[in-house]
Amino acid sequence: MEKIIDFCKHAFLKIKNKNVNEFEIYGSSAAHNEIEIYEEDIENLSFADTKGLGFRVFKDKRMGYAYTSNLSDSAIDSCIEKAIENSKVTNQEEFNYLPVKKEFMHKDTDFDRNVLYAPEFIDFTIEDKIKVSKELELSVKKRDKRIKGISNLIYEDTVSETVILNSLDLEDSYKASAAFLYISVISREGEDVSTGDYFGYERTPQKLNSDDIAENAVKRSTSLLGAKKVKSQVADLMLSPMVAIQFLGIIASVIMADSVQKGKSLLAGRIGEKIFSQNFNIVDDGTLPDGLASRPFDGEGVPKGRTSVFEKGVLKTYLHNSYSARKDKRLSTGNASRASYKSPPDIGISNFYLEPSDVNEGKILQKISNGFYVIDVIGLHSGVNPISGQISIGAKGIWIENGNLTYPVKEVTIATDLLRFCKNLAEVGSDLKFMPAGGYIGSPSMHIRDIAISGS
Amino acid sequence: MLEQKLIKKILNILLSSGGDFSEVFIQKRNLNNMRLDDGKIENSTSGFELGCGLRLINKDSTFYAYVDSIDTESLLNAAKILSSAVDSSSKNKVLDLSENKGGYKANVEQFPSDIAQENKKSLLDSTNEKARDFSKYIIQVSANLSDADDTVIIANSNGLLINDSSVKVFLAVNVIAKKGNEIRTGYKSLARTMGYEIFKSKNPEAVALEAAGIAIKMLDAVNAPAGSLPVVIGPAFGGVIFHEACGHGLEADAIIKDASVFKDKINKKIASNILTAVDDSTLRHHWGSYAFDDEGCPSQKNILIENGILKNYIFDYKSACKLKARQTGNGRRQSFRDLPVPRMSNTFIECGSDENEAIIKSVKTGIYAKEFAGGQVDTATGDFVFGISEGYLIKNGVISEPIKGATLIGNGPDILNRIEAIGKDLDFAPGFCGKAGQSITNEVGQPTILIDKITVGGTEV
C-alpha cells in the first residue's frame, strides 16, 4: 500500500498548478486497534487502517478548506476544487497566509521526535492485547468482593503518521504511537450501587500498568458506597488530581488567543495581571519527553516548545497559532491544533500542566477542618460556561472533618465562577498526574477555599 | 456503489471460519460546514468520506474492521483478516439478498449540492446582523451552518439489503452579551432531516433573535439558589431530563451489562402514573429520524413507559438477540468507522392533562428551567445532571428574576416518581448525543412538567 507521504506528494503536483497564492496539505494515516472485554470474553475487537488528506488554500488573502478520506485521483481532484470554491466565500483578511519562520516563538527546539514512537509497540500482538485486557478484568474482580460488574473495559491503540507539505517548501512528518487501557467498575453493597473508573495511557502497551489501573478503579468505586447528600453549605474543597485536571481544562479554554480576540474570554486584556492569589505556574509544553501530546510541530508546521502561561500566578501570554499571533503582533507559540485532517488549524493546548509543590497532599488535607474531598465530577459539558465563567457541576467524594476523611457524599453540586476559583485556589500538592483531556493535562491535588455546595 | 455479487462474496468470506452473523455497511457522505464568527465568514470546510465497515458476530463477540475506501481488494482483504480472528463451530450460510424498499422516504426539495456557498454565506450574514441589531449589549455572534448528504448500503447474512439516503441541515447560533463585568450567552439551533427547504419553516433570523433574547435576558440574572426545590421544566429541550434520567438507562447494552437501574423492571411501575414516554424514529423530518437504523432495521415508534409502567427497552440487533427481544430500530453509529450500539432517536414525554399556566401557579417557591446546555448520566447508579442555560425563580406562582446557570442533580428512578404534573405543550429540540465515543443526532421533547423536589446547584446557600 502507498504511504501517506506519497499521496501528499502526488496531491502537491496537482494543486501546484492551480490558481491559488498559497496552499498546505496535511495528511495522516493510522492503524488503530480497539478491544472491549466483558466477562472474560471478547465483546468487541476492531481494527482499522485509515488515512486522509486536508487541503488549505489561500487566494487573495481568503482561506478555503476541504478534506477527503477517499484518496482516489478523482476524489482528490474534487476535493482541491472544493477547497478553492470555499476560499471564495470566506472573509478577506490581511493575516491569512502560511506561517513563516520569523513568526515562530520556539525556533530551535532540540526535541527528539524519536521518542514519539516506541519501536517495541509492534512486538505486542493482538493476543497480548487481549491478554492484558482480560487480566485487568480479573485483577479488578479479585480485589474486592463488592465488585459486581464491569460497565466498560476498553483497550485502544494507534500508530499514526502525520505529514505536512506547503507551498513554502515545508515538508515534515512524524510517527507516533499510543496505547490506552480503561476500566469502569460497578460495586454493590445491599441496595447501594457505586461506579468508579481509571485508565492507563502510554506510548506502548508494554508500559501499561494494569495493577495500578485496577487498584485505582476499585478504590474510586468502593470508597463511594453508602454515599449520601450533605446539607447545602459553603466549605473548602480538596480536588483529587483527576478532578483538578478537569478544572484546569476550563482554564485552558480561556487562554486561547482566538477566544480572547473575539471577546469570549474572561481573561481578555489581562496579560500581566495576577489571576491566582498564590504563586502558581502553569505551562504548555509541546516538547515534554513523557508528554503524550508532544509533537515536533503544530497543526500548521510551526515548531512546538515550552510556553509559560502563568508565572507566579500572573498571566504571561495567551496561546497562539500564526493567525492569532499576527493579530496581536506576537509570535506563534506553536499551538495550532487539529482534531484530524478533517479540520483546518484551530488553537489548542499540548501538554498543559500546573507545576506541583513539594507539599504532600496528605498534609494539605490535615489542615481542612470542614470540607469536601472530590473524587469525581459529572456534567462538565453542560455545567460549565467558559465564556461567562459560571461553573455548576455534580460531584461525589468524601467529607473531611478535622483533617480526616469521614463518610462518602454524592448527589451534590459544587458551584462557583472561574475567576473566584483561581482566587480561592489556596495550595496544590506534589502528586502531579496527567490525563488525556483535549490535550494532555496535568495537575496535582488542589485545595480551594469557600465554595458553595448544594445538597439537601 | 458496490455490486450485489461482491457484497455477498464479502459476507461469505466473513463467515468462512464460522460465526453467526456478518454485515457490510457502505457509506458515502458529503459534508459542508460554514462558520461565521466575529462578524465574518471565518471558515468554510467541505468533506468527502467514503468507506466501508465490516462486522462479524460470533456468540457474544463482535469483530469489526473498516476501510477508508470501497476498493474491492481492500474490502476482501479486510474480510479475510476479520474471519481469521474467529474459529467457530457455528457454521452459517449467507441467505440470498433481497432488498427492503420500505420505510419512509423523506422528500428532499433542495439538496446541499444545489445551494451555492454564496447563498449560505448570506444566510449566515443576516443571522449575524439580526442578532447584533437586537441590543447594544450584544458583543459577539457566532453561527454554524452545516449539511450532510449521506448514502448507505447495508447488507447482512440474514439476507437483508438496504439502499438508503438522507439529508440533514443544521444551524446553530451563539450570542454573547456583556453589561458592565457581566457576560452572558444565548444559544439556539434549528436542525431537521431535510434539505435547505428547512428555512421555509423557520428563517435563520428567528433563530438568531431567540439566541440574542436569551443572552440579553440573562444579563440581569441573580445567583441561583442552592438546595432542594420544586422545579418546573419547560417544553422542548427540557426533555433532556428524560433523555438523561431514564433514556440512557433503557438502552439494552446497559441492561445486559447489569449497568442500569432499570434492569428487571419491565411491566413494573418505575414512574409517576401520569408519565408516558416514547422513542419514535419515524417522526417526519425530525432531527433524530431515519427510514432505517444503521443496521437496516426499519424505524419505529417504541413506547418506553406507559402510565408509569416500563414497557420496553431500546435495542440494536446484538442486544435484541441476546435478550431474545424484538429489534426496535435503534442500532445507530456515527459512521462506517463505528460499531452500531443501542441509541435513542427522538425521545419524548407525551402530553399530559395539566394546564401549563396552572403548573407554574402551583409553585410557591421554586425554579422555572426553560433552556438547557445538556446533561450526563451514570446509568449504573441512575445519578444524572443537567445544566440550565435559561432559568428563572418562581415566587408565589409567578415567574420572576432570571437566575445564573445552574446544574440540576438527581437520581433517575427517584425523579421519575417525582413528576407531579405534565402539561399539554409538547415540543421538540434537536441536539447531539455522545456515547461510546460516538456522536449522533438526537432529538428530545416534552411538554411543561413539574418535579416536586430536585437539587439545584446554585451558589446562594
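None of these values were measured; they are calculated from a predicted model. (Residues numbered from 1 in each chain as written. Chains lettered and ligands numbered in written order. Predicted model: local features only at pLDDT ≥ 70, side-chain atom pairs only at ≥ 80, totals over all residues.)

1. Concerning the overall build of chain B
Item 1. Broken down by element type, chain B carries ten helices and 22 strands.
Item 2. Oriented by its inertia axes, the alpha-carbon framework of chain B measures out at about 70 × 55 × 35 Å.
Item 3. Taken across its 461 residues, chain B has 59% of its residues classed as buried.
Item 4. Contacts spanning at least 24 positions in sequence make up 75% of the contacts within chain B whose residues lie at least 6 apart. (Helix = DSSP H or I, 4+ residues; strand = E, 2+ residues; numbered from the N terminus. Buried ≥ 20, exposed ≤ 12 C-beta atoms within 10 Å, placed from the backbone. Contact = placed C-beta atoms within 7 Å.)

2. Notes on the overall build of chain A
Item 1. In terms of regular secondary structure, chain A is built from ten helices and 21 strands.
Item 2. Seen along its three principal axes, the alpha-carbon backbone of chain A occupies a region of about 70 × 55 × 40 Å.
Item 3. Counting only contacts in chain A whose residues sit at least 6 apart along the sequence, the fraction spanning at least 24 positions is 71%.

3. A word on unusual backbone geometry
Item 1. In the Ramachandran plot, Asn402 of chain A falls in the positive-phi region, its phi being about 50° despite a non-glycine side chain.
Item 2. Asn402 of chain A sits in the exposed class, given 9 other C-beta atoms within 10 Å.
Item 3. Phi at Lys324 of chain B takes a positive value of approximately 50°, unusual for a residue other than glycine.
Item 4. Among the secondary structure elements, Lys324 of chain B is positioned in the loop between helix H8 (317–322) and strand S12 (331–332).
Item 5. A residue is classified by how many C-beta atoms lie within 10 Å of it, and Lys324 of chain B, with 6 of them, is exposed.

4. Examining the domain arrangement of chain A
All names here are of chain A.
Item 1. Each assigned domain of chain A is listed here: domain 1 (4–98), domain 2 (114–160 + 177–222) and domain 3 (233–454).
Item 2. Between the C-alpha centres of domain 1 and domain 3 there is a distance of 32 Å.
Item 3. The interface of domain 1 with domain 3 comprises eleven residues on the first partner and nine residues on the second.
Item 4. For the side of domain 1 that touches domain 3, the residue count by class is five nonpolar, four polar and two charged. (Domains from an automatic or database assignment. Nonpolar A, V, L, I, M, F, W, Y, C, P; charged D, E, K, R; others polar.)

5. Concerning the domain arrangement of chain B
Residue and element names in this part refer to chain B.
Item 1. Parsing chain B into structural domains produces domain 1 (4–32 + 46–99), domain 2 (112–151 + 163–218) and domain 3 (226–457).
Item 2. Listed as interface residues are seven residues of domain 1 and, on the opposing side, eight residues of domain 2.
Item 3. When residues of the side of domain 1 that touches domain 2 are assigned to their parent elements, the largest contribution, six residues, is made by strand S1 (residues 21–37).

6. Points about the interface of chain A and chain B
Item 1. Taken together, the 66 residues of chain A in the interface contact 67 residues of chain B.
Item 2. By residue class, the composition of the side of chain A that touches chain B is 21 nonpolar, 34 polar and eleven charged.

7. Regarding the sheet that holds strand S19 (residues 433–436) of chain A
Residue and element names in this part refer to chain A.
Item 1. Spatial ordering of the open sheet is given by S10-S9-S8-S13-S20-S19, a layout of six strands whose pairing is mixed. Each end of this open sheet is capped by a strand with a single partner; those strands are strand S10 (314–315) and S19.
Item 2. Helix-sheet contacts for helix H5 (residues 241–253) involve strand S13 (351–354), S19 and strand S20 (440–443), and the interaxial angle to S20 is about 120°. (Pairing = 2+ DSSP bridges. Axes fitted to C-alpha atoms, helices over the stretch in contact; angles between N-to-C directions.)

8. Some points on the environment of Asn351 of chain A
Item 1. Position of Asn351 of chain A among the secondary structure elements: in strand S13.
Item 2. Note: C-alpha distance between Asn351 of chain A and Gln390 of chain A (39 residues apart in sequence) is 25 Å.

9. Section: the sheet that holds strand S21 (residues 438–446) of chain B
Item 1. If you trace the six strands from one edge of the open sheet to the other, you get S11-S10-S9-S14-S21-S20 (chain B), paired in mixed fashion. Each edge of the open sheet carries a strand with a single partner, namely strand S11 (309–310) and strand S20 (427–435) of chain B.

10. A few points about the pairing of strand S16 (residues 390–401) of chain A
Put simply, side chains in a regular strand alternate between the two faces of the sheet.
Residues and elements named next belong to chain A.
Item 1. Of all twelve residues in S16, ten are buried; the element is thus mostly enclosed.
Item 2. Pairing geometry for strand S14 (residues 370–378) and S16, over eight bridges, is antiparallel. Bridge pairing in S16 links Asp376 to Lys396.
Item 3. Relative to S16, strand S15 (residues 384–385) runs antiparallel, the two sharing two bridges. Within the sheet, the bridge partner assigned to Val384 lies in S16 and is Ile391.

11. Some details on the nonpolar core
Item 1. With 265 residues, the main nonpolar core has Phe55 and Val374 of chain A together with Cys52, Ala211 and Val231 of chain B as its most contacted residues.
Item 2. Discounting chain neighbours no more than four positions away, the residues touching Cys52 of chain B are Val24, Phe25, Ile26, Tyr66, Val67, Ile70, Leu75 and Phe336 of chain B. (Core = buried A, V, L, I, M, F, W, Y, C linked by C-beta atoms within 7 Å.)

12. Points about the packing of helix H3 (residues 126–143) of chain A against helix H4 (residues 210–222) of chain A
Residue and element names in this part refer to chain A.
Item 1. The interhelical angle for the contact between H3 and H4, taken along N-to-C directions, is 40°, at an axis separation of 9 Å. As summarised for this structure, H3 and H4 are arranged oblique, according to the angle between their axes. In the crossing of H3 with H4, the sense of the turn from one axis to the other is right-handed. In contact with Val132, Glu135, Leu136, Ser139, Val140 and Arg143 of H3, H4 contributes Ser210, Asp211, Ile213, Ala214, Ala217 and Val218. (Parallel < 35°, antiparallel > 145°, perpendicular 65-115°, else oblique. Left-handed = near helix turned anticlockwise from the far one by under 90°.)

13. Topic: the pairing of strand S3 (residues 62–68) of chain A
Residues and elements named next belong to chain A.
Item 1. Of all seven residues in S3, seven are buried; the element is thus mostly enclosed.
Item 2. Here S3 shows no split at all, with Arg62, Gly64, Ala66 and Thr68 on one side and Met63, Tyr65 and Tyr67 on the other all buried.
Item 3. With seven bridges joining them, strand S2 (residues 41–59) and S3 adopt antiparallel strand pairing. Counted as the bridge partner of Arg56 is Tyr65 from S3.
Item 4. The turn joining S2 and S3, which pair antiparallel and follow one another in sequence, is formed by two residues; a positive phi near 50° is taken by Asp60.

14. Regarding helix H1 (residues 4–16) of chain A
Residues and elements named next belong to chain A.
Item 1. Compared with the 18 Å implied by 1.5 Å per residue over 13 residues, the 18 Å span of H1 between its first and last C-alpha is a close match.
Item 2. Considered for burial, the residues of H1 that qualify are Ile4, Ala11 and Ile15. Taken down its axis, H1 places every buried residue within 40° of arc, on the same side. With respect to the buried face of H1, the exposed residues turned more than 90 degrees away are Leu13 and Lys16. (Expected span 1.5 Å × (residues − 1). Arc of directions from axis to C-beta.)

15. A closer look at helix H3 (residues 117–134) of chain B
All names here are of chain B.
Item 1. If you check H3, its first and last C-alpha atoms are 26 Å apart, about what 18 residues at 1.5 Å a residue would give, namely 26 Å.
Item 2. Within the sequence span of H3, burial applies to Lys120, Lys121, Leu123, Leu124, Thr127, Asn128, Lys130, Ala131 and Phe134.
Item 3. For H3, the elements touching its buried residues are S1, strand S2 (40–58), strand S5 (138–156), strand S6 (160–179) and helix H5 (204–218).

16. Observations regarding the packing of H1 of chain A against helix H2 (residues 73–86) of chain A
Residues and elements named next belong to chain A.
Item 1. For the pair H1 and H2, the least separation of the axes is 11 Å and the interaxial angle reads 50°. Compared by their axis directions, H1 and H2 come out oblique. Two packed elements cross with a definite hand, and for H1 against H2 that hand is right-handed. Contacts between H1 and H2 pair Ala11, Lys14 and Ile15 from the former with Ile76, Asp77 and Ile80 from the latter.
Item 2. Among the residues forming the contact of H1 with H2, the class breakdown is four nonpolar, no polar and two charged.

17. Looking at the environment of Leu393 of chain B
Item 1. With respect to the helices, strands and loops of the structure, Leu393 of chain B is situated in strand S16 (residues 383–395).
Item 2. Ignoring sequence-local partners within four residues, the contact set of Leu393 of chain B consists of Ile367, Ser400, Glu401 and Ile403 of chain B.

18. Considerations on the confidence of the model for chain B
Item 1. On average, residues of chain B carry a pLDDT of 95, and 100% of them reach 70 or more.
Item 2. Both confidence scores are given for the complex: pTM 0.94, ipTM 0.92. (pLDDT = per-residue confidence, 0-100.)

19. Comments concerning the environment of Glu371 of chain B
Residues and elements named next belong to chain B.
Item 1. By secondary structure assignment, the location of Glu371 is in strand S15 (residues 365–378).
Item 2. Among the residues examined, Glu371 registers 22 C-beta atoms within 10 Å and is labelled buried.
Item 3. Sequence separation of Glu371 and Gly238 is 133 residues, and the distance between their C-alpha atoms is 6.7 Å.
Item 4. Setting aside residues no more than four positions away along its own chain, Glu371 makes contact with Ile214, Phe237, Ser389 and Glu390.

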